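# Coordinate analysis (summary)
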Amino acid sequence: MRKMEVYIANKDLVKNRFYGITTLILPATQDAISDALYRAEVENNKAYSIDCCSGWPEFLEQIINNMDKKSLGEVNLLAYQVGQMDEFEIQTLEGAIQLREEENADVPVTIKEVINLAYNLDCYEYRPYVTDDFTLGSIALENNLLDTISGLSEDVLELLDLEKVGQEMRRCDMGTFTKDGYILPNRKAHQELYDGIQLPEIPDMPKGVISVLLVSADKEQEDGVWLELPASKNDMKNVLKQIG
């Protein structure tokens, strides 16, 4: 699973030269989140900032850092979902967010919207490497995808401007180009996982009193294994076997 890091800071203390910014690796357990907020001296609903740093897809890091309103719990939920994505899914998410931004450019995308988009990637069709109207028009022509030119003779089709065909295809699809491909919404309805109030529980996260992540010193690039404490001798032996 991809690991993503955030900086957490109490907004009232961040200008104090003796104040140290707290870092946290996401996705994290609730205990780890509570500990990070405590170390950052964020208590009693005090205002705090979250800045994504290493490990995040570049486009997502910029979007999240530009958001005025976001909680650590929300960013953690998003990190959990993104952490399980492959490169194709990450590019699909980038396209889905871009479609939303183009649909309503005057209203910045919210963390709630990004979370729900991340859980609704099956509502989009993504075509990597298709990055311009000429290429899209060629595909539409070869596969007879555009109703407005369906049935025309071969002689007429050869005279068509492929770039304009691509533009018409994009208009009909309500699609857009990203830097890596072409994306369009399909007919599947979006499901709202997060209502903006009650965060859904993250599955498969440790729930012990204390949770520690053990990583082999010889295999630091691997994800490691969570151990919930207190633990039995058998549990500790099993974890040590898993990390080698």
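The preceding data block contains the structure.
Now for a quick tour of the structure. Here the structure is a predicted model, which is why all the values come from computation and not from measurement.

Turning our eyes to something else, we now look at the sheet that holds strand β4 (residues 124-128). In space, the 3 strands of this open sheet follow the order β4-β6-β5, with antiparallel pairing throughout. Two strands lie at the open edges of the sheet, namely β4 and β5 (176-177), each paired on one side alone. Sheet analysis places β5 next to strand β6 (residues 181-185), joined by 2 bridges and oriented antiparallel. Directly across from Thr176, in β6, lies its bridge partner Ile183. Across the sheet, helix α4 (residues 87-103) touches β4, β5 and β6, and the angle it forms with β4 is around 115°.

We now examine the pairing of strand β2 (residues 22-26). Side chains Thr22, Leu24 and Leu26 project from β2 onto a buried face, and the interleaved Thr23 and Ile25 project onto a face without burial. Pairing of strand β1 (residues 4-10) with β2 involves 5 bridges; the strand directions are antiparallel. For Glu5, the partnering residue across the bridge sits in β2 and is Ile25.

With that out of the way, let us pick up the nonpolar core. Note on soluble globular proteins: their nonpolar side chains tend to be buried together. Ranked by size, the top nonpolar core spans 47 residues in total, and within it Val6, Leu24, Trp56, Leu60, Leu78 and Leu93 carry the most contacts. Take this core: its biggest share by element is 7 residues, from helix α3 (residues 72-83). Leave out the neighbours within four places in its chain, and Leu60 touches Leu78, Val82, Leu93, Ile97 and Val114. The next biggest cluster of nonpolar side chains, apart from the first, holds 8 residues, and it includes Leu136, Ala140, Val165 and Tyr182.

Note: α-helices contain 3.6 residues per turn, so residues at a spacing of three or four share the same orientation. With 17 residues, α4 should cover 24 Å at 1.5 Å per step; its first-to-last C-alpha distance of 24 Å lies within 8% of that length. Considering only its buried residues, α4 is in contact with α2 (58-65), α3, α5 (111-118), β4, β5 and β6. Between a side-chain oxygen at the N-terminus of α4 and the backbone nitrogen of Phe88 the separation is 3.2 Å; the capping residue is Asp86.

As a further point, take the pattern of salt bridges. For the structure shown, the criterion picks out 8 salt bridges. With its nearest N and O atoms 2.9 Å apart, the salt bridge here joins Glu113 to Arg100. In this pair, Glu113 is assigned in helix α5 and Arg100 in helix α4, connecting sequence segments 13 residues apart. Glu113 sits in the partly exposed class, given a relative accessible area of 27%.

Of note, Asn10 is situated in strand β1. The buried category is assigned to Asn10, whose relative accessible area is 1%. Looking at Asn10, its side chain comes within polar contact range of the main-chain nitrogen of Asp12, at 2.8 Å. Setting aside residues no more than four positions away along its own chain, Asn10 makes contact with Tyr19, Ala40, Glu41, Val42, Lys46, Ala47 and Tyr48.

This part covers the packing of aromatic side chains. What the rule picks out here adds up to 2 aromatic pairs. When the centroid spacing of 5.3 Å and the interplanar angle of 70° are considered together, the rings of Phe88 and Tyr126 count as edge-to-face. Here Tyr126 lies in strand β4 and Phe88 lies in helix α4, a separation of 38 residues in the sequence. Overall, the relative accessible area of 42% leaves Phe88 in the partly exposed class. With centroids separated by 5.3 Å and ring planes inclined at 50°, the aromatic side chains of Phe177 and Tyr182 adopt a geometry described as tilted. On the basis of relative accessibility, which here comes to 16%, the residue Phe177 falls in the buried class.

What counts and what doesn't
Residues numbered from 1 in each chain as written. Predicted model: local features only at pLDDT ≥ 70, side-chain atom pairs only at ≥ 80, totals over all residues. Heavy atoms only, no water. Pairing = 2+ DSSP bridges. Helix = DSSP H or I, 4+ residues; strand = E, 2+ residues; numbered from the N terminus. Contact = heavy atoms within 4.5 Å. Axes fitted to C-alpha atoms, helices over the stretch in contact; angles between N-to-C directions. Buried < 20%, exposed > 50% of the residue type's maximum accessible area, 1.4 Å probe, protein only. Core = buried A, V, L, I, M, F, W, Y, C linked by side-chain atoms within 4.5 Å. Expected span 1.5 Å × (residues − 1). Polar contact = N/O pair within 3.5 Å; in protein donor to acceptor, adjacent residues only side chain to side chain. Salt bridge = Lys/Arg side-chain N within 4 Å of Asp/Glu carboxyl O. Phe/Tyr/Trp six-rings, centres within 6.5 Å; stacked < 30°, edge-to-face > 60°.

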